[in-house]
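# Structure assessment
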Amino acid sequence: MRIRAVGEKDLSELARVDAEVFPTAPYPLFVLRQHFDIFGDHLLVVEDDESRLRGYVLASPPYRALSWIVSLGVTPELRRNGLGRRLMVQMLNKLRSEGAQRILLTVEPDNGSAILLYRTLGFVALGAPDPEYFGPGEPRLLMTLTL
Ligand SMILES: CC(C)(COP(=O)(O)OP(=O)(O)OC[C@H]1O[C@@H](n2cnc3c(N)ncnc32)[C@H](O)[C@@H]1OP(=O)(O)O)[C@@H](O)C(=O)NCCC(=O)NCCS
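Residues numbered from 1 in each chain as written. Predicted model: local features only at pLDDT ≥ 70, side-chain atom pairs only at ≥ 80, totals over all residues. Heavy atoms only, no water.

## Observations concerning the pairing of strand β5 (residues 102–107)
As paired strands, strand β4 (residues 66–74) and β5 are joined by three bridges and run parallel to one another. Note on β5: the bridge partner recorded for leucine 66 is arginine 102. Running through helix α3 (residues 83–97), the crossover from β4 to the neighbouring parallel element β5 is right-handed. Note: β5 against strand β7 (residues 141–146), six bridges, orientation antiparallel. What sits directly across from isoleucine 103, in β7, is leucine 145. (Pairing = 2+ DSSP bridges. Helix = DSSP H or I, 4+ residues; strand = E, 2+ residues; numbered from the N terminus. Right-handed = clockwise from strand over helix to strand, strands pointing away.)

## Section: the pattern of salt bridges
Evaluated as defined, the whole model comprises 12 salt bridges. Residue lysine 9 is joined to aspartate 10 by a salt bridge in which the shortest nitrogen-to-oxygen separation is 3.7 Å. According to the relative accessible area criterion, aspartate 10 is buried, its value standing at 5%. Through salt bridges with shared partners, a single network forms among Arg2, Arg4, Lys9, Asp10 and Glu47. (Salt bridge = Lys/Arg side-chain N within 4 Å of Asp/Glu carboxyl O. Buried < 20%, exposed > 50% of the residue type's maximum accessible area, 1.4 Å probe, protein only.)

## Structural notes on the packing of aromatic side chains
Scanning the model with the defined rule gives two aromatic pairs in all. When the ring of tyrosine 133 is compared with that of phenylalanine 134, the centres are 4.8 Å apart and the planes differ by 75 degrees; the resulting orientation is edge-to-face. The exposure class of tyrosine 133 is partly exposed, given its relative accessible area of 29%. (Phe/Tyr/Trp six-rings, centres within 6.5 Å; stacked < 30°, edge-to-face > 60°.)

## Considering the packing of helix α1 (residues 11–21) against helix α2 (residues 29–39)
One can describe the packing of α1 onto α2 by two numbers: an axis separation of 10 Å at closest approach and a directional angle of 120 degrees. By the angle between their axes, α1 is oblique relative to α2. Note that α1 runs across α2; the crossing there is right-handed. From α1, Leu11, Leu14, Ala15 and Asp18 reach across to α2, where they touch Leu29, Leu32, Arg33 and Phe36. When its residues are assigned to classes, the contact of α1 with α2 shows six nonpolar, no polar and two charged. (Axes fitted to C-alpha atoms, helices over the stretch in contact; angles between N-to-C directions. Parallel < 35°, antiparallel > 145°, perpendicular 65-115°, else oblique. Left-handed = near helix turned anticlockwise from the far one by under 90°. Contact = heavy atoms within 4.5 Å. Nonpolar A, V, L, I, M, F, W, Y, C, P; charged D, E, K, R; others polar.)

## A word on α1
Taken as a whole, α1 has its buried residues at Leu11, Glu13, Leu14, Val17, Asp18 and Val21. One face of α1 carries all of its buried residues, which in axial projection span an arc of 155 degrees. On the buried face of α1, the contacting elements are α2, β2 (43–47), β3 (53–59) and β4. (Arc of directions from axis to C-beta.)

## Concerning the site of the ligand
The environment of the ligand is made up of 20 residues, and the closest members are Leu72, Val74, Gly82, Gly84 and Asn111. Interatomic distance of 2.8 Å between a backbone N/O atom of leucine 72 and a nitrogen atom of the ligand. Residue glycine 82 places a main-chain N or O atom 2.8 Å away from an oxygen atom belonging to the ligand. For the shell around the ligand, the element with the highest residue contribution is helix α4 (residues 112–120), accounting for five residues. Split into classes, the residues belonging to the shell around the ligand amount to 10 nonpolar, seven polar and three charged. (Near = heavy atom within 4 Å. Polar contact = N/O pair within 3.5 Å; in protein donor to acceptor, adjacent residues only side chain to side chain.)

Right, here's the structure in full:
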């Protein structure tokens, strides 16, 4: 497994991985395309030995020293192998080198594995979950990390 920058030819594979990781709410292709166009240099992918993508992390470039982790995922069969942590550490190092001093992200309050990962990276919750952060029935917990 290697982590590398995304390329335009990866878009269809990226859409497949995103749908595997987030089966109930994958990004429409036009959203992924725009993420790639706007933030492509802040999108890292996991590639296996057969050149298939197995995960990705997407962040916003630092603006006023603040970045967001927009999305993070690893395909189900490869979880608990350290890939999510590797993706996050690599992206956080990149953001730090670009001047980010603070990172924000949102996570579903019952997503224990993601919250544990973020906590072990030093993220802390910003207050209580917002019960309608993404609309009715879509609560999110905001977490922040000071670099
Ligand atoms: C969250 C996610 C990216 C973690 O990726 P991963 O490759 O499985 O994570 P890692 O193997 O690097 O694990 C890192 C740490 O996260 C925590 N963790 C991850 N999965 C866990 C689980 N099922 N149970 C408990 N802790 C877990 C542990 O602290 C782990 O460290 P450890 O292995 O030293 O105990 C992955 O589960 C995923 O893609 N989930 C679906 C999409 C998602 O929820 N994305 C986050 C949206 S905010």
